[in-house]
Amino acid sequence: MKKAKLATLWLDGCSGCHMSILDIDEAIAAVAQKADIVYGPLVDAQEFPEDVDVTIVEGAVSNQDDYEKIKFVRERTRLLVALGDCAVTSNVPAMRNSIPVKKLLERIYVQGVDEKPRIPTDGVPTLLKRAVPLQEVVKVDLFVPGCPPPASAIGYVLGELLDGRMPDLGTKVKFG
Amino acid sequence: MKKITIDAVTRIEGHAKISIRLDDSGQVASTQLHITQVRGFEKFTEGRPYYEMPSITARICGICPVSHLLASSKACDAIMSVRIPETAALLREVLHCGQFVQSHALSFFHLSSPDLLLGFDSDPARRNVLGVLEKFPDIARDGIALRKFGQQVIEGLAKERIHPSWTVPGGVNAPLDPAVRDKILAGLPDAKAIVRRTLKFFKGVLDQFKEEIDHFGNAPSMYAGLVDAAGKLQLYDGGIRFKDAEGKIVADHIPASDYQKFIGEASLSNSYLKAPYYKPIGFPDGVYRVGPLGRLNVAKSCGTPQADVEFTEYHQRLGKIVPSSFHFHYARLIEALYGLERMEALLNDPAVLGKKIRAHAGVNCLDGVGMIEAPRGILIHHYKVNEEGAITWANLIVATGHNNLAINRSIEQVARHFINGKHLQEGMLNRVSAIVRAYDPCFSCSTHASGQVALHIQLLGPEGAVLDELRSE
């Protein structure tokens, strides 16, 4: 049987959702039987490939790079999963949303230093005015909330998707 | 002048890119590391009750949430002006040891072992933990089992593996179940055997990496880490020791409350990651390294039997001061052994099962600093509050930040040695990424942001035309 193409993407999150993926422990070997991980922070993919079957996305959309990346990834992905509260609701990254970006950056890089007060601009992406959840930018096919979602739920989601079924999460996940 | 951009470095924890400028002869002229995310925890936490800080700041990082929980809880302990019960201090340190084991396992096995086992120049499509699982199943399974053990320690104590809410201002919120203690103790021999096997294997292959060892950030710098009163390695408590490049102690037993006298922070124009520096020397020359390499360079010993045997051999092989950043890996494995042994000693202390686990108090001090050794180095949380306990100001100096200047210098050294601008090869660029990996940087933590570093290197002609290109993004 042809292996599925599985990708993971890490936008503005803490990596806790990716760690919860790794918390399926030995079951990662079973996933590797059914799918190749073709892109993500755990592998050295050259670029986001075409025709990806499933992309699991952690994190909110917070800066220009995130925005462009999620648009690009959506075009190349059959089934997009929002993994965790930041992807689903924008959660912690959105805690800055009431503060003007300039004020936020000045606090950190101008008032918050002893030397060289300056806001970085060279080679770094611009922050969006607000950190937003994935579905404000692209269509999301499956929402898996949690901070992070438990490994058991992630294992179930992966198992179902890789067997060609849409998972019914029911009470397996909760926010927070 | 030509420019190469590595848009995203893979198998590290965070979003970063690297620019490499080449001169007309194709030699590396300069390099820059850009950390590309910022979240603003120091600003958006203003106005929140101080006791929310552990749970909020844990969300800085999903790899070492326990570090932030502990540093934050310690800052809150200081605001409450309490000395936490003995049992609570023991339990927090056990939790911390669990985290060191899982985080060091992740760094070595899941992120860096593909370079070491499959080769820096191997097929990038297979150069990952699943590739290791295929070719070296025993080693990969050891790595998965060791990380799992560390995570199970955290889960056993704190009920959740990631972002638990068990660590609170004043202590912890539930005592240790004796059955959990016994289960952890029963798992320790296997976990120690894994680390010992891995150390043996790693020492056996060191000679294959002579060129990398010589050029992976092999340059003098200062070093910093926490030590106890006797100068031994200390992860949960202790004061900062700074050593110079020759190994002379230049500042010692600096308490958390004095950090600002010794550590300054500077903004960089090209990175969201600020650059801490050793204040008495100043910016940008006050470069020091933290994390496993820094800790084992400043400490007199580890303080546990098996780790000390390894510590002695490490310094006999490599010198009193170990300067190559390649050896972060070696030091990390020794620390994993220390974490397991230390955990065992703590769990065998009868006081660990005590029921007095939390001190209760309100705001007794308007300023509090919490400091610990996170897996990647010294972590400082500093809060100011008003009389009602609302945060008025916060500063976080995170492990990877301390290494910012050193990582930049190391990237330049690796790039100068391995990159031939006349013809780019993926393996050259993977080595530039690999030096970043050796530091096990957590850019999630350090910019209180997150992400992934993929690789996009462009070779640009003087007019900006793309002459050659490599991508991993």
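Note that the structure is predicted; figures quoted are calculated from it, not measured.

A few words now on the overall build of chain B. Helices and strands together make up the secondary structure of chain B, namely 16 helices and 16 strands. For 473 residues, the compact-globule estimate of 2.2 N^0.38 gives 23 Å, and chain B sits close to it at 22 Å. Looking at the 473 residues of chain B, the share that counts as buried comes to 62%. Taking all contacts inside chain B whose residues are at least 6 apart in sequence as the whole, residues at least 24 apart take part in 72%.

Another point: the overall build of chain A. Broken down by element type, chain A carries six helices and seven strands. When the helices and strands of chain A are placed in sequence order, the string is β-α-α-β-β-β-α-β-α-α-β-β-α. Here the C-alpha radius of gyration of chain A, 17 Å, is about what a compact globule of 176 residues would show, namely 16 Å. When its C-alpha atoms are laid out on the principal axes, chain A stretches across 55 × 35 × 30 Å. When each of the 176 residues of chain A is scored for burial, the buried share is 49%. For chain A, contacts bridging at least 24 residues in sequence account for 81% of all contacts bridging at least 6.

It is worth spelling out helix 4 (residues 86-118) of chain B at this point. Residue and element names in this part refer to chain B. A rise of 1.5 Å per residue sets the reference length of helix 4, with its 33 residues, at 48 Å; its end C-alpha atoms lie 46 Å apart and thus fit the reference within 8%. Along helix 4, the sharpest kink reaches roughly 65°, centred on Ser112 and followed within four residues by the proline Pro114. With 30 of 33 residues buried, helix 4 lies mostly within the body of the structure. Phi for Gly119, located one or two positions after helix 4, is positive at around 110°.

Bringing the environment of Ile119(A) into the picture now. Residues and elements named next belong to chain A. Note that Ile119 resides in the loop between helix 5 (101-109) and strand 6 (127-132). With 20 residues separating them in the primary sequence, Ile119 and Ile99 have C-alpha atoms 16 Å apart. Among residues more than four places away in sequence, those in contact with Ile119 are Leu105, Glu106, Tyr109 and Val110.

As a further point, take the pairing of strand 1 (residues 4-10) of chain A. Residue and element names in this part refer to chain A. Counting buried positions along strand 1 yields seven of seven residues, so the element is predominantly enclosed. On strand 1, burial covers both faces: Ala4, Leu6, Thr8 and Trp10 on one face and Lys5, Ala7 and Leu9 on the other are all buried. Taken together, the four bridges between strand 1 and strand 2 (residues 35-39) define a ladder with parallel strand orientation. Among the inter-strand pairings, Ala4 is bridged to a residue of strand 2, identified as Ala35. When strand 1 meets strand 3 (residues 52-58), the two strands line up parallel, connected through five bridges. Looking at the pairing, Leu6 lines up with Val54 of strand 3.

Each partner contributes residues to the interface: chain A has 54 residues there, and chain B has 54 residues. Among the secondary structure elements, those contributing two or more residues to the side of chain A that touches chain B are helix 1 (16-22), helix 2 (28-34) and helix 5 of chain A. Per-element accounting of the side of chain A that touches chain B gives the leading share, six residues, to helix 1 of chain A. When its residues are assigned to classes, the side of chain A that touches chain B shows 29 nonpolar, eleven polar and 14 charged.

Residues and elements named next belong to chain B. Across the sheet, which stays open at both edges, the three strands sit in the order 12-13-14 with antiparallel pairing between neighbours. Edge strands, defined here as strands with exactly one partner in the open sheet, are strand 12 (367-374) and strand 14 (391-397). Shown here is a sheet whose adjacent strand axes are inclined to one another by a mean of 10°, direction ignored. The pairing of strand 12 with strand 13 (residues 377-385) spans eight bridges and is classified as antiparallel.

Attention now moves to helix 10 (residues 291-298) of chain B. With respect to burial, helix 10 of chain B is a largely interior element, eight of its eight residues being buried. Restricting attention to buried positions, one finds in helix 10 of chain B the residues Gly291(B), Pro292(B), Leu293(B), Gly294(B), Arg295(B), Leu296(B), Asn297(B) and Val298(B).

Once that is clear, we can look at the domain arrangement of chain B. Residues and elements named next belong to chain B. When cut into domains, chain B gives domain 1 (2-36 + 422-472) and domain 2 (83-254 + 287-349). Of note, the centres of domain 1 and domain 2, computed from C-alpha atoms alone, are 27 Å apart. The partner domain 2 presents 14 residues to the 13 residues of domain 1 that form the contact. In terms of residue count, the dominant contributor to the side of domain 1 that touches domain 2 is helix 15 (residues 426-438) (eight residues). Looking at the side of domain 1 that touches domain 2 residue by residue, the class counts come to five nonpolar, three polar and five charged.

If you look at the biggest cluster of nonpolar residues, it comprises 197 residues, and the most contacted ones within it are Val57(A), Leu91(B), Val94(B), Ile334(B) and Ile380(B). Take this core: its biggest share by element is 14 residues, from helix 4 of chain B. Each of domain 1 (2-36 + 422-472) and domain 2 (83-254 + 287-349) of chain B contributes no fewer than three residues to this core. Apart from the residues within four sequence positions on either side, Val94(B) is in contact with Leu157(B), Met343(B), Leu346(B), Leu347(B) and Val352(B).

Turning our eyes to something else, we now look at the confidence of the model for chain B. All names here are of chain B. Per-residue confidence for chain B gives a mean pLDDT of 91, with 93% of residues at or over 70. In this model residues 448-455 is a low-confidence stretch, pLDDT under 50, and it forms 57 contacts with partners more than four residues away in sequence or in other chains. Overall fold confidence (pTM) sits at 0.94, and the ipTM for the predicted complex is 0.95.

Before going further, it helps to spend a moment on the packing of helix 4 of chain B against helix 12 (residues 328-347) of chain B. All names here are of chain B. The contact between helix 4 and helix 12 brings their axes to 9 Å, and the two run at 150°. When the axis of helix 4 is compared with that of helix 12, the two are roughly antiparallel. Of the two elements, helix 4 crosses helix 12, and the hand of that crossing is left-handed. Across the interface between the two elements, Leu90, Glu93, Val94, Cys97, Gly98, Phe100, Val101, His104, Ala105, Ser107, Phe108 and Ser112 from helix 4 touch His329, Arg332, Leu333, Glu335, Ala336, Gly339, Leu340, Arg342, Met343, Leu346 and Leu347 from helix 12. Classifying every residue of the contact of helix 4 with helix 12 by side-chain character gives 13 nonpolar, six polar and four charged.

Turning to the sheet that holds strand 3 (residues 28-35) of chain B, a few remarks are in order. Strands in a sheet are paired, the pairing made by backbone hydrogen bonds, and the direction either parallel or antiparallel. Residue and element names in this part refer to chain B. Within the open sheet, the three strands sit side by side as 1-2-3. Their pairing is antiparallel. The two strands at the open ends of the sheet, each matched to only one other strand, are strand 1 (2-6) and strand 3. For this sheet the average axis-to-axis angle between neighbouring strands, irrespective of direction, equals 15°. Note: strand 1 against strand 2 (residues 16-22), five bridges, orientation antiparallel. Within strand 2, the position partnered with Ile4 by the bridge is Ile20. Strands in contact with helix 14 (residues 404-418) are strand 2 and strand 3; relative to strand 3, the strand with the most contacts, it is inclined by about 140°.

Here we take up the environment of Ala78(B). Residue and element names in this part refer to chain B. By secondary structure assignment, the location of Ala78 is in helix 3 (residues 65-80). Overall, Ala78 belongs to the buried group, with 22 C-beta atoms counted inside 10 Å. Along the chain, Ala78 and Glu344 lie 266 residues apart, while their C-alpha atoms are 28 Å from each other. Residues within four places of Ala78 in sequence aside, it is in contact with Cys365, Gly368, Val369 and Gly370.

Reading guide: rules and limits
- Residues numbered from 1 in each chain as written.
- Chains lettered and ligands numbered in written order.
- Predicted model: local features only at pLDDT ≥ 70, side-chain atom pairs only at ≥ 80, totals over all residues.
- Helix = DSSP H or I, 4+ residues; strand = E, 2+ residues; numbered from the N terminus.
- Rg over C-alpha atoms; globule rule 2.2 N^0.38 Å.
- Buried ≥ 20, exposed ≤ 12 C-beta atoms within 10 Å, placed from the backbone.
- Contact = placed C-beta atoms within 7 Å.
- Expected span 1.5 Å × (residues − 1).
- Bend = angle between axes of the 7 residues up to and from the residue.
- Pairing = 2+ DSSP bridges.
- Nonpolar A, V, L, I, M, F, W, Y, C, P; charged D, E, K, R; others polar.
- Axes fitted to C-alpha atoms, helices over the stretch in contact; angles between N-to-C directions.
- Domains from an automatic or database assignment.
- Core = buried A, V, L, I, M, F, W, Y, C linked by C-beta atoms within 7 Å.
- pLDDT = per-residue confidence, 0-100.
- Parallel < 35°, antiparallel > 145°, perpendicular 65-115°, else oblique.
- Left-handed = near helix turned anticlockwise from the far one by under 90°.

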